[in-house]
Amino acid sequence: MMKEEKHLKGLLTGKGGLDSRHLENIFKQCRQKRSKMRKLVRAFCSAYLLDAKQRPLKLRPLQESIILESLIERKDGRQTKLAILAPRGSGKSYALSVAVTIYMFFNRFRDLVFILAPTEDQAALIFNYVYRHFADNTFLNGLVANYRFHNKPNITLKGGTIMRRAPLAPTNQGHAIRGQHPTFLVVDESPLIDDRLFIDNV
């Protein structure tokens, strides 16, 4: 691991992991530059996330690119909108779950993250990945106030940030998202969502 990544890992763990305001400032600075965000993502994965063999998570190049594009801010200050087109099995949903976990780690107070998909099962996929990221690490799990899996499923952090999931389908006409103002929104399998539902609610 490079020297700067080791330094970032040190800032993210131990007492540094408890200094929410300082972490927010680090995140804001790294969102301005791709090289800094890449090092931050790698440091976070090394510190907190594990692969299937219980080793520190090393992302595939495509997954890392998806996470970076999801988290880096536009230079003009406008809202980032990202469309991902990649084959099945390429790890898109998993990469987005890592991006959501990182976003929530650095933004623990009063943010709203929403996972939308055409079906409940698809919406649950990223949600469950995020749940495992938090639940499988003692420190990350300690940031969580509540896990809720039924009747408006959500993961709520102690600082107030909340992640919700919902299907955006003709059967519910988008009621779950209407009136919500997420600060970080993931729409999985968006081509399968009716255009009118998407335009009216997202």
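Refer to the structure above for everything that follows.
Residues numbered from 1 in each chain as written. Predicted model: local features only at pLDDT ≥ 70, side-chain atom pairs only at ≥ 80, totals over all residues. Heavy atoms only, no water.

Enquirer: So what exactly am I meant to see when it comes to the overall build of the chain here?
Expert: Counting secondary structure elements, the chain contains 8 helices and 5 strands. When each of the 202 residues of the chain is scored for burial, the buried share is 47%. Once local pairs closer than 6 in sequence are excluded, the contacts in the chain between residues at least 24 apart make up 70%. Here the chain has roughly 11400 Å² of accessible surface; of this, 51% comes from carbon and sulfur atoms. (Helix = DSSP H or I, 4+ residues; strand = E, 2+ residues; numbered from the N terminus. Buried < 20%, exposed > 50% of the residue type's maximum accessible area, 1.4 Å probe, protein only. Contact = heavy atoms within 4.5 Å. Areas by Shrake-Rupley, 256 points an atom, 1.4 Å probe, with all protein chains shown as cover.)

Enquirer: Would you mind showing me how to read the pairing of strand S1 (residues 112-117) here?
Expert: Regular strands show a simple pattern: their side chains alternate between the two faces of the sheet. Taken across its 6 residues, S1 has 6 buried, putting it largely inside the fold. The alternating pattern of S1 places Leu112, Phe114 and Leu116 on one face and Val113, Ile115 and Ala117 on the opposite face, and all of these are buried. Here 6 bridges tie S1 to strand S4 (residues 162-167), and the two strands are oriented parallel to one another. In the strand pairing of S4, Leu112 is matched with Ile162. One ladder, built from 4 bridges, connects S1 with strand S5 (residues 184-187); its direction is parallel. Its bridge partner lying in S5, Ile115 is registered against Val186. (Pairing = 2+ DSSP bridges.)

Enquirer: So what exactly am I meant to see when it comes to helix H6 (residues 120-135) here?
Expert: Residue pairs three or four apart in sequence face the same way in an α-helix, which turns once every 3.6 residues. The terminal C-alpha atoms of H6, which comprises 16 residues, lie 21 Å apart, in line with the 22 Å expected from a rise of 1.5 Å per residue. Of the residues making up H6, those classed as buried are Gln122, Ala123, Ala124, Ile126, Phe127, Val130, His133 and Phe134. (Expected span 1.5 Å × (residues − 1).)

Enquirer: Is there a simple way to think about the packing of aromatic side chains in this case?
Expert: When we look at a pair of aromatic rings, we describe it by the centre distance and by the angle of the planes. Within the structure shown, the criterion is met by 13 aromatic pairs. Ring geometry for Phe44 against Tyr48: centres 5.3 Å apart, planes inclined by 50 degrees, an arrangement best described as tilted. Placement of both Phe44 and Tyr48 in helix H3 (residues 34-48) is noted, with a separation of 4 residues, approximately one turn of the helix. Residue Phe44 is classed as buried on the basis of its relative accessible area of 0%. Here Phe44 and Phe105 contribute two aromatic rings whose centre-to-centre distance is 5.1 Å and whose plane-to-plane angle is 65 degrees, an arrangement assigned as edge-to-face. Linking Phe44 in helix H3 with Phe105 in helix H5 (residues 92-106), this pair joins segments that are 61 residues apart in sequence. The same class applies to Phe44 and to Phe105, which are both buried. A network of ring pairs unites the aromatic residues Phe27, Phe44, Tyr48, Tyr103, Phe105, Phe106, Phe139 and Phe184 as a single cluster. Above the plane of the ring of Phe109 lies Arg21, whose end atom (NZ or CZ) is 4.6 Å from the centre. (Phe/Tyr/Trp six-rings, centres within 6.5 Å; stacked < 30°, edge-to-face > 60°. Lys NZ or Arg CZ within 6 Å of the ring centre and 35° of its normal.)

Enquirer: Explanation requested: the sheet that holds strand S3 (residues 154-157) in the structure shown.
Expert: Strands pair in a sheet through their backbones, by hydrogen bonds, and they do so in one of two ways: parallel or antiparallel. Ordered in space as S2-S3-S4-S1-S5, the 5 strands form an open sheet in which the pairing is mixed. The open sheet terminates on both sides in strands that have one partner only, identified here as strand S2 (144-148) and S5. In this sheet, adjacent strand axes meet at a mean angle of 10 degrees when their direction is disregarded. Along the sheet, H5 contacts S1, S3, S4 and S5; its crossing angle with S5, the most-contacted strand, is approximately 170 degrees. Along the sheet, H6 contacts S1, S2, S3, S4 and S5; its crossing angle with S4, the most-contacted strand, is approximately 160 degrees. (Axes fitted to C-alpha atoms, helices over the stretch in contact; angles between N-to-C directions.)

Enquirer: Got a minute to help me understand the packing of H3 against H5 in this structure?
Expert: For any two helices packed against each other, one specifies the inter-axial angle together with the distance between the axes. Their axes nearest at 11 Å, the elements H3 and H5 cross at an angle of 90 degrees. By the angle class used here, H3 and H5 are roughly perpendicular. Two secondary-structure elements touch here, H3 through Leu40, Val41, Phe44, Cys45 and Tyr48 and H5 through Val98, Thr101, Ile102, Phe105 and Phe106. Class assignment of the residues belonging to the contact of H3 with H5 gives a composition of 9 nonpolar, 1 polar and no charged. (Parallel < 35°, antiparallel > 145°, perpendicular 65-115°, else oblique. Nonpolar A, V, L, I, M, F, W, Y, C, P; charged D, E, K, R; others polar.)

Enquirer: Before we go on, may I ask you to explain the side chain of Asp51 in this structure?
Expert: Within the element layout of this structure, Asp51 appears in the loop between H3 and helix H4 (61-71). A relative accessible area of 18% means that Asp51 is categorised as buried. In this structure the side chain of Asp51 is engaged in a polar contact, spanning 2.9 Å, whose partner is the backbone nitrogen of Lys53. (Polar contact = N/O pair within 3.5 Å; in protein donor to acceptor, adjacent residues only side chain to side chain.)

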